[in-house]
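Listed here are the chains, written in short residue letters.
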Amino acid sequence: MKIIAFYLPQFHDIPENDEWWGKGFTEWVNVKKAQPLYKGHEQPRIPMNENYYNLLDDNVKIWQANIAKEYGIYGFCYYHYWFGGKLLLEKPMEQMLKNPKVDIPFCISWANEPWTKAWVNESKVLIPQFYGGKKEWKEHFDYLLPFFKDNRYIKEDNKPLFIIYRAEVIDCLNDMLDYWTELARQNGFSGMKYAYQNLTFDLMPNKDDSRFDYNIEFQPSYAWNDLNNKSAVQKSKLWNFLRSVKRRIYAETEKRLGFDLQRYFNHKGKEKNASVLKTDYDEAWKAILEHIPENEKNIPGAFVGWDNTPRKGHRGQVYIGDTPEKLNKYMSKQIQRAKSIYKKDMIFMYAWNEWAEGGYLEPDERTGYKNLEAIRDALKANNEFPW
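Residues numbered from 1 in each chain as written. Predicted model: local features only at pLDDT ≥ 70, side-chain atom pairs only at ≥ 80, totals over all residues. Heavy atoms only, no water.

Q: I'm lost on helix H3 (residues 58–70) in this one. Help?
A: Each full turn of the α-helix corresponds to 3.6 residues, which orients residues three or four apart in the same direction. Across its 13 residues, H3 extends 18 Å between first and last C-alpha, which sits within 8% of the 18 Å expected from 1.5 Å per residue. Buried within H3 we find Val60, Lys61, Ile62, Gln64, Ala65, Ile67 and Ala68. Here the buried face of H3 lies against strand E1 (2–7), strand E2 (75–83), helix H4 (91–98), strand E16 (353–354) and helix H15 (370–381). At the N-terminal boundary of H3, the capping side chain belongs to Asp57, with an oxygen 2.9 Å from the backbone nitrogen of Asn59. (Helix = DSSP H or I, 4+ residues; strand = E, 2+ residues; numbered from the N terminus. Expected span 1.5 Å × (residues − 1). Buried < 20%, exposed > 50% of the residue type's maximum accessible area, 1.4 Å probe, protein only. Contact = heavy atoms within 4.5 Å. Polar contact = N/O pair within 3.5 Å; in protein donor to acceptor, adjacent residues only side chain to side chain.)

Encoded structure:
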């Protein structure tokens with residue numbers, strides 16, 4: 001079973017972050033300043049041996065790859081930030097490409113949202129997102145091509161797997177993907193394998209997902225949606241129609257203006273009388289394990305934990321009650337479901353190192369290596385250890 005963990009590169013300085021949020025800003029700034037916001041709230045989270053690493057150090061990336069493989073993680077899915085030729089946080093992935101000692105399979109997810117101050121709980125847009133035409137699409141593809149050609153890149157049938165985080169906001173989606181597929185064939189591939197990651201595209205009525213091979217059930221977003229659509233009102237046609245209209249307005253606004261209206265209203269709506277939203281970890285996993293895939297495109301997801309209060313403070317959300325023992329039990333069941341229900345040999349895991357959102361497998365002072373051990377043991381119990 002190929003467990004592919006999402007990988008965040010924001011653990012090194014960049015000039016833009018220095019300018020926008022202060023000299024030396026990385027994800028660790030939010031992690032270190034976190035505080036417990038209610039009785040029993042386990043914050044701040046501290047890496048084992050206070051390993052507040054810098055991803056520009058190749059030894060860190062080698063260490064990550066080695067321990068990931070040791071515990072059965074098949075590969076990383078690197079978040080990639082591209083804004084019409086402008087790159088952010090690109091250096092860790094570029095350094096990985098040049099260093100074969102970072103020996104782990106990988107793929108790329110284009111985090112195609114506008115660049116905002118969400119990292120520090122603000123909604124201001126710093127870099128809007130626009131997509132251009134063939135000239136810009138080719139420039140983007142040419143940047144990605146050396147990654148696709150690398151032997152470590154995850155491919156199926158000689159087709160690189162490329163993920164788009166928010167497909168619903170790309171106004172030229174089909175034309176761009178068709179062109180990239182053509183370029184891939186010109187460069188020796190048999191085509192491309194495309195996947196989308198964000199729940200919103202999945203929920204849009206009459207969506208055209210014809211270019212996509214896969215729909216990644218990004219967790220815990222799908223679980224949250226299932227947990228909040230149980231009542232008769234929430235299942236009614238009128239309720240779902242109104243929600244679909246709202247989603248379409250948000251998507252169309254972002255297509256035309258490069259501005260995430262939903263994030264703006266979500267932020268404004270929580271400014272007054274905010275309190276941490278608590279969701280039961282077991283209930284979330286129950287929803288995951290009861291979810292029926294819509295069709296053969298669905299790839300199952302999983303999550304180790306979620307607590308984004310280091311970024312959002314009292315406006316954050318925490319999935320309470322996670323333990324390595326529970327993760328082991330739930331992962332074993334999800335591995336079985338991936339094979340028997342989804343007919344897939346991969347699971348996308350949130351996440352390898354989302355420290356400021358509580359979604360990380362890397363060892364910490366709270367549980368050590370136990371979450372990684374939980375995954376290793378679940379894989380071995382099902383005869384699915386990949387190495």
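Q: Explain the packing of aromatic side chains to me, please; I cannot follow it from the model alone.
A: Each pair of aromatic rings is reported with the distance of its centres and the angle of its planes. Scanning the entire structure with this criterion turns up 43 aromatic pairs. Geometrically, the ring pair formed by Phe6 and Phe348 is tilted, given 5.5 Å between the ring centres and 35° between the ring planes. Within this pair, whereas Phe6 is found in strand E1, its partner Phe348 is found in strand E15 (residues 346–350), the two being separated by 342 residues in sequence. Classification of Phe6 by relative accessible area gives buried; the value is 1%. In this structure Phe348 comes out as buried when scored by relative accessible area, which is 1%. The interplanar angle of 80° and the centroid separation of 5.8 Å between the aromatic rings of Phe218 and Tyr350 together place this pair among those described as edge-to-face. Here the residue Phe218 occupies a position in the loop between strand E10 (214–216) and helix H8 (221–227), and Tyr350 occupies one in strand E15, the gap between them amounting to 132 residues. An aromatic cluster of at least three residues, connected via ring pairs, comprises Tyr7, Phe76, Tyr78, Phe106, Trp110, Tyr131, Phe141, Phe148, Tyr153, Phe162, Trp180 and Trp352. The cationic tip of Lys32 hangs over the ring face of Tyr52; the distance from NZ or CZ to the ring centre is 4.4 Å. One cation-aromatic arrangement involves Lys278 over Tyr38; the distance from NZ or CZ to the ring centre is 4.0 Å. (Phe/Tyr/Trp six-rings, centres within 6.5 Å; stacked < 30°, edge-to-face > 60°. Lys NZ or Arg CZ within 6 Å of the ring centre and 35° of its normal.)

Q: Sorry, what's going on with the nonpolar core here?
A: The tendency in soluble globular proteins is for nonpolar side chains to be buried side by side. With 117 residues, the main nonpolar core has Trp115, Phe162, Trp180, Trp285, Met331, Phe348 and Trp352 as its most contacted residues. Setting aside its immediate chain neighbours within four residues, Phe162 contacts Ile108, Trp110, Leu144, Phe148, Tyr153, Trp180, Met192, Lys193, Tyr194 and Ala195. (Core = buried A, V, L, I, M, F, W, Y, C linked by side-chain atoms within 4.5 Å.)

Q: Looking at this model, I keep getting lost on the pairing of E15. Mind explaining?
A: Look at any regular strand and the pattern is simple: side chains alternate between the two faces of the sheet. Here E15 lies mainly inside the structure; 5 of its 5 residues are buried. When E1 meets E15, the two strands line up parallel, connected through 4 bridges. Paired with Ile3 across the strands is Ile347, a residue of E15. Here strand E13 (residues 301–303) pairs with E15 via 3 bridges, running parallel. Looking at the pairing, Phe303 lines up with Tyr350 of E15. (Pairing = 2+ DSSP bridges.)

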